Amino acid sequence: MSNIGKQLLLLRESKGLSQNQLANISKVPQSAISEIESGKRKNPGIIYFQQLSRALGVTLLELTSVDSPECVPETSKKSKTGACDFH
């Protein structure tokens with residue numbers, strides 16, 4: 001699962017929405033939502049992200065943010081301040 005896919009799944013579930021419900025609200029095909037969440041769709045495009053963020057009531061930055069306590073990207077390391085540094 002990609003970082004963005006994981007974020008989408010968490011946001012969708014926090015709103016209590018199924019993939020089908022989110023698809024109906026956002027006008028993004030359910031199959032595309034499934035592929036984004038599973039990491040199978042590598043480059044969904046900005047239009048899908050805009051539609052999904054509006055439907056979820058979050059900013060585009062909140063939807064696409066990879067900033068997490070775990071520093072999920074493999075090319076990152078924790079800095080002394082606890083923030084993630086990306087190389």
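Residues numbered from 1 in each chain as written. Predicted model: local features only at pLDDT ≥ 70, side-chain atom pairs only at ≥ 80, totals over all residues. Heavy atoms only, no water.

Novice: A description of the pattern of salt bridges should follow, citing residues and the corresponding values.
Specialist: Using the criterion set out here, one finds 2 salt bridges in the structure. Notably, a salt bridge pairs arginine 12 with glutamate 37, separated by 2.7 Å at the nearest N-O pair. Placement of arginine 12 in helix H1 (residues 3-14) and of glutamate 37 in helix H3 (residues 30-38) is noted, with a sequence separation of 25 residues between them. (Salt bridge = Lys/Arg side-chain N within 4 Å of Asp/Glu carboxyl O. Helix = DSSP H or I, 4+ residues; strand = E, 2+ residues; numbered from the N terminus.)

Novice: Just give me the short version of the side chain of serine 26, but keep the residues and values in it.
Specialist: Mapped onto the fold, serine 26 is located in helix H2 (residues 19-26). By relative accessible area, which is 4% here, serine 26 ends up buried. From its side chain, serine 26 meets the backbone nitrogen of valine 28 in a polar contact 3.2 Å long. Sequence-distant contacts of serine 26, that is, excluding residues within four places in its chain, are made with Ile33, Gln51, Leu52 and Ala55. (Buried < 20%, exposed > 50% of the residue type's maximum accessible area, 1.4 Å probe, protein only. Polar contact = N/O pair within 3.5 Å; in protein donor to acceptor, adjacent residues only side chain to side chain. Contact = heavy atoms within 4.5 Å.)

Novice: Quick one: what's the story with the side chain of glutamine 19, residue by residue and with numbers?
Specialist: Secondary-structure assignment places glutamine 19 in helix H2. For glutamine 19, a relative accessible area of 19% translates into the label buried. Of the polar contacts made by the side chain of glutamine 19, one reaches the side chain of glutamine 30; its length is 2.6 Å. In this structure glutamine 19 touches Arg12, Gln30, Ile33, Ser34 and Glu37, once residues within four positions along its chain are discounted.

Novice: Which residues make up helix H4 (residues 46-56), and what values do they have?
Specialist: Helical periodicity: at 3.6 residues per turn, an α-helix aligns residues three or four positions apart in one direction. Here H4 has its buried residues at Phe49, Leu52, Ser53 and Leu56. Down the axis, H4 shows its buried residues gathered within 100° of arc, on one side only. Set apart from the buried face of H4 by more than 90 degrees, the exposed residues are Ile47 and Arg54. Contacts from the buried residues of H4 go to H1, H2, H3 and helix H5 (60-64). Following H4 by one or two positions, glycine 57 adopts a phi angle in the positive range, close to 70°. (Arc of directions from axis to C-beta.)

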